[in-house]
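Structural characterization, general
In case you want the letters, here they are:
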Amino acid sequence: MDDDRINRIFLIHSHKLPPESLGFIRERLRLCNDESRVKFVLSQFKDPELALIFSIFFGWLGIDRFYIDSVGIGIGKLLTCGGASLWWLIDCFIIMDATRQKNLDALLAVL
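Residues numbered from 1 in each chain as written. Predicted model: local features only at pLDDT ≥ 70, side-chain atom pairs only at ≥ 80, totals over all residues. Heavy atoms only, no water.

Time to look at the overall build of the chain. What the chain contains, in helices and strands, is eight helices and zero strands. Along the chain, helices and strands appear, N-terminal first, in the series α-α-α-α-α-α-α-α. Taken along its principal axes, the extent of the C-alpha atoms in the chain is 50 × 20 × 20 Å. Across the 111 residues of the chain, 36% fall into the buried class. At a minimum sequence separation of 6, the contacts of the chain that also span at least 24 residues come to 61%. (Helix = DSSP H or I, 4+ residues; strand = E, 2+ residues; numbered from the N terminus. Buried < 20%, exposed > 50% of the residue type's maximum accessible area, 1.4 Å probe, protein only. Contact = heavy atoms within 4.5 Å.)

Three or more residues of helix H1 (residues 3-13) are buried, namely Ile6, Ile9, Phe10 and His13. On an axial view of H1, the arc spanned by its buried residues comes to 100 degrees, and they lie on one face. In H1, the exposed residues that point more than 90 degrees away from the buried face are Leu11 and Ile12. Contacts from the buried residues of H1 go to helix H2 (22-31) and helix H3 (34-42). (Arc of directions from axis to C-beta.)

Membership of the largest hydrophobic core is limited to 12 residues, which are Ile6, Ile9, Phe10, Leu17, Ile25, Leu29, Cys32, Phe40, Phe45, Leu104, Leu107 and Leu111. Counting residues per element, the ones that place at least two in this core are H1, H2 and helix H8 (86-110). A per-element tally of this core places H1 first, with three residues. Among all residues touching Leu111, those that are not within four sequence positions of it are Arg28, Leu29, Cys32, Ser36 and Phe40. Formed by five residues, the second largest nonpolar core is a distinct cluster that contains Tyr67, Ile68, Ile95 and Ala98. (Core = buried A, V, L, I, M, F, W, Y, C linked by side-chain atoms within 4.5 Å.)

Because each turn of an α-helix spans 3.6 residues, side chains separated by three or four positions in sequence point in the same direction. Looking only at helix H4 (residues 48-58), the buried set comprises Pro48, Ala51 and Ser55. Taken end-on, H4 shows its buried residues confined to a sector of 55 degrees, consistent with a single buried face. Where H4 is buried, its residues contact helix H5 (63-67) and H8.

Attention now moves to unusual backbone geometry. Despite not being glycine, Ala84 has its phi angle at roughly 55 degrees, a positive value. Tracing the chain through its elements places Ala84 in helix H7 (residues 81-84).

This brings us to the side chain of His13. In this fold, His13 is placed in helix H1. Of the residues examined, His13 reaches a relative accessible area of 10% and is grouped as buried. Filtering out sequence-adjacent residues up to four positions away, His13 remains in contact with Phe40, Val41, Ser43 and Phe45.

Before going further, it helps to examine a nonpolar patch on the surface. On the surface, a cluster of nonpolar side chains totalling about 520 Å² of accessible area is made up of Leu50, Ile53, Ile56, Phe57, Phe58 and Ile63. A total of five residues in the nonpolar patch trace back to one element, the largest contributor, which is H4. Considering the arrangement of structural elements, one finds Phe58 in helix H4. Overall, the relative accessible area of 41% leaves Phe58 in the partly exposed class. (Patch = residues over 30% accessible without salt bridge, like charges linked within 9 Å, V, L, I, M, F, W, Y side chains within 5 Å. Areas by Shrake-Rupley, 256 points an atom, 1.4 Å probe, with all protein chains shown as cover. Salt bridge = Lys/Arg side-chain N within 4 Å of Asp/Glu carboxyl O.)

In short, the description is geometric, and any link to function would need to be established separately.
Now the structure itself:
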């Protein structure tokens with residue numbers, strides 16, 4: 001894949017992935033086959049900003065964790081009312097990074 005196409009893809013998806021992994025992903029895109037590239041472009045990544053909004057307003061219900069497909073943690077937060085609000089408060093700070101990591105895991109499964 002040429003650098004121009006890779007740059008366009010990164011313009012769309014870079015804020016949804018961990019910044020430290022972008023160089024690695026760029027190299028994987030250069031080396032992968034066309035089918036994997038199409039899967040990458042069509043992947044539905046979770047939005048970290050939306051996860052933060054969910055965390056702030058509905059985090060005590062675990063909605064933020066359900067959104068990023070961490071069902072077990074979401075159920076735990078739901079049953080404990082956000083871990084007596086302590087878990088909710090911590091997630092308000094780490095949910096964006098957790099979302100980016102989940103997106104990276106899904107991407108690596110495709111590539």
